[in-house]
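Fold and contact review
Residue strings, one per chain:
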Number of protein chains: 2
Amino acid sequence: MEFSSKLLENAVYEMSQLPGIGKRTALRLVLHLLKQPEERTNLLSEAITKLRSEVNFCKSCHNISDTEVCEICANPKRDETIVCVVEDIRDVMAIENTSQFNGLYHVLGGKISPMEGVGPQDLNIVSLIQRVKEKEVKELIFALSSTMEGDTTNFYIYRQLEGLNVTTSTIARGISVGDELEYADEVTLGRSILNRVPFENSIKAS
Amino acid sequence: MEFSSKLLENAVYEMSQLPGIGKRTALRLVLHLLKQPEERTNLLSEAITKLRSEVNFCKSCHNISDTEVCEICANPKRDETIVCVVEDIRDVMAIENTSQFNGLYHVLGGKISPMEGVGPQDLNIVSLIQRVKEKEVKELIFALSSTMEGDTTNFYIYRQLEGLNVTTSTIARGISVGDELEYADEVTLGRSILNRVPFENSIKAS
Ligand SMILES: [Zn+2]
Ligand SMILES: [Zn+2]
């Protein structure tokens, strides 16, 4: 791609460093900003700079928070004996969105992946074990993605918990509510049969 | 979408104002920036701010340029008697990329679209007519997109040229090189038959 301006080329380059944004898309986005009032560009640029420099992570659960301890952790109505372990803050948002969980979270910040050079020390695992030891945590719910990396991470944490008085569970995997069985993938369908629940429970849940 | 931080919410909001970037994508992009060194965010933010505040458009062809007159217009080897009229600078880049054109350009900045409230006065049309009157322009090539708006714009300019000694042409529309006829849309196929070229020409072109 040949640019008629270094300034333009540089802006497109920086924009295309974002994941999933190719050079063509980056050019489209940058040209859009040029057509908008200058204020638009300044607001965007200030918002990301401010977030990046001032971002704070809850010192208990590592969720992004503007306060030292996040609103969820600080809420006395939440059950602090149940902690749901997730990969990133998007998972917290997704679970919060269901209104089905009243416990606290622990954001690992990723999952163990030797392929991508992510080891246990790169994740918020030490602080999780600390929390279990120091706080009255009775149950950990593993809600990591159902991949080899997710399973490895669950298992790594599980072994660190040996000797501690805490139960562990994983979220149920199964056919999505409303999905046709015939379109479900085999593994999910298989698991959903193995992990079938008493019919009474399914009535309560609906 | 419920955010655990106002700073995060604001950054996602501003990012999602970009065309084709929904809230979810915006969140993914912003979280990516948070995982990268702060420098990354600063480089992006500076690049777009600097471009937006310092951007300059060539005073002859309106292409984006870091100099008063762009490199193409300033190049003495280019044929200034042929001017190719395009919608935006992406078209200049696309045509330059073919290495098939040695004339100059005129960037309109859009096309006439009553539906979107874009009239002739919003485009660089006056300066185009001025160029034809004052410079030795012998031919205008209309290279606007082949839509009703593009045709309207071509025709509007065409009428402004009445009485001026300039020929006009439009770029050839036809079946893409390498495309199978059976998959081509009817209109394109129809035009490509109507606008067939002498076989000798097609030999020269390949
Ligand atoms: Zn927290
Ligand atoms: Zn120029």
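In this convention, every chain numbers its residues from 1, walking through the sequence in written order. Chains and ligands are labelled by the order in which they are written, letters from A for the one and numbers from 1 for the other. Thresholds applied to this predicted model are a pLDDT of at least 70 for local features of residues and 80 or more for the giving and counting of side-chain atom pairs; totals over whole chains, interfaces and linings are not thresholded and use all residues. Heavy atoms from the whole structure form the basis of all side-chain values; hydrogens and water molecules are not counted.

1. A closer look at the coordination of the zinc ion (ligand 2)
Residues and elements named next belong to chain B. Our working definition: Donors, by definition, are the N, O and S atoms found within 2.8 Å of a metal, the threshold being 3.2 Å for Na, K and Ca, and water is not counted, so a site can look incomplete. Geometry is assigned from the angles between donors: four donors with all angles from 85 to 135 degrees make a tetrahedral site, four or six donors whose opposite pairs exceed 155 degrees while the rest stay between 65 and 115 make square planar or octahedral sites respectively, and everything else is labelled irregular. Only DSSP runs of H or I reaching four residues or more are called helices, and only runs of E reaching two or more are called strands; each is numbered from the N terminus. For every residue, the accessible area (1.4 Å probe, protein chains only) is compared with the maximum for its type, and the residue is labelled buried under 20%, exposed over 50%, or partly exposed between those bounds.
Only Cys 58 (SG), Cys 61 (SG), Cys 70 (SG) and Cys 73 (SG) from the protein coordinate the zinc ion (ligand 2), and they sit 2.3 Å from it. Taken together, the four donor atoms coordinating the zinc ion (ligand 2) span angles of 104 to 117° at the metal, a pattern that classifies the geometry as tetrahedral. Mapped onto the sequence, the donors of the zinc ion (ligand 2) take the spacing C-x2-C-x8-C-x2-C. In this pair, Cys 58 sits in the loop between helix 3 (38–54) and helix 4 (71–74) while Cys 70 sits in the loop between helix 3 and helix 4, placing the two residues twelve residues apart along the sequence. Here the two residues Cys 58 and Cys 70 agree in accessibility, since each one is buried.

2. A word on the domain arrangement of chain A
Convention followed: These domain boundaries are the output of an automatic or database domain assignment.
Entries for chain A in the domain assignment read domain 1 (6–54) and domain 2 (67–205). A C-alpha centroid distance of 35 Å is found between domain 1 of chain A and domain 2 of chain A.

3. Digging into the environment of A:Gln121
By the element assignment, A:Gln121 lies in the loop between strand 2 (103–107) and helix 6 (126–134). Expressed as a C-alpha distance, the spacing of A:Gln121 and A:Gln160, which sit 39 residues apart in the sequence, is 13 Å.

4. Things to note about the sheet that holds strand 2 (residues 103–107) of chain B
Residue and element names in this part refer to chain B. Our working definition: For two strands to count as paired, DSSP must find a minimum of two bridges between them. In this description, a line fitted to the C-alpha atoms serves as the axis of each element, helices being fitted only across the stretch in contact, and the angle between N-to-C directions of two axes falls anywhere from 0 to 180 degrees. Contacts: residue pairs with any heavy atoms within 4.5 Å of one another.
Strands sit in the order 2-1-3-4 across an open sheet of four strands; the sheet is parallel. Here the strands that pair on one side only, and so sit at the sheet edges, are strand 2 and strand 4 (167–170). Ignoring which end each strand starts from, the neighbouring axes of this sheet average 25° apart. By the bridge criterion, five bridges tie strand 1 (residues 79–86) to strand 2 in an arrangement that is parallel. Paired with Cys 84 across the two strands is Tyr 105, which belongs to strand 2. Here helix 5 (residues 89–98) sits on the sheet and contacts strand 1 and strand 2; the angle it forms with strand 2, its principal contact strand, is near 160°. Lying on the sheet, helix 7 (residues 148–160) is in contact with strand 1, strand 3 (139–142) and strand 4; it crosses strand 3 at an angle near 165°.

5. Examining the relation of the copies chain A and chain B
Note the following rule: Least-squares fitting of one copy onto the other uses the C-alpha atoms of those residues that reach a pLDDT of at least 70 in both copies.
Note on the copies: chain A fits chain B at an RMSD of 0.1 Å, the axial shift is 0.0 Å, and the rotation between them is 180°. Interpreted geometrically, this transformation is the action of a two-fold axis. Across chain A, the rotation axis passes nearest the C-alpha of A:Ser45, at a separation of 2.4 Å. In this assembly, 100% of the residues forming the interface of chain A have copies in chain B that are likewise at the interface, indicating an isologous arrangement.

6. A few points about the coordination of the zinc ion (ligand 1)
Residues and elements named next belong to chain A. For the zinc ion (ligand 1), every protein donor is listed as Cys 58 (SG), Cys 61 (SG), Cys 70 (SG) and Cys 73 (SG), and the spread of their distances is 2.2 to 2.3 Å. The site at the zinc ion (ligand 1) holds four donor atoms, and with the angles between them running 104 to 118°, its shape is tetrahedral. In primary sequence terms, the donor set of the zinc ion (ligand 1) follows C-x2-C-x8-C-x2-C. In this pair, Cys 61 sits in the loop between helix 3 (38–54) and helix 4 (71–74) while Cys 73 sits in helix 4, placing the two residues twelve residues apart along the sequence. A relative accessible area of 2% means that Cys 61 is categorised as buried. Overall, Cys 73 belongs to the buried group, its relative accessible area being 18%.

7. Considerations on the UniProt feature "zinc finger region: C4-type" (unreviewed entry) in chain A
What counts, and what does not: UniProt positions are given in the numbering used here, feature names are shortened, and annotations may be inferred rather than shown by experiment.
Following the UniProt record, one finds the feature "zinc finger region: C4-type" (unreviewed entry) at residues 58–73 of chain A. Within the segment residues 58–73 of chain A, helix and strand shares are 19% and 0% respectively, and the terminal C-alpha atoms sit 8 Å apart.

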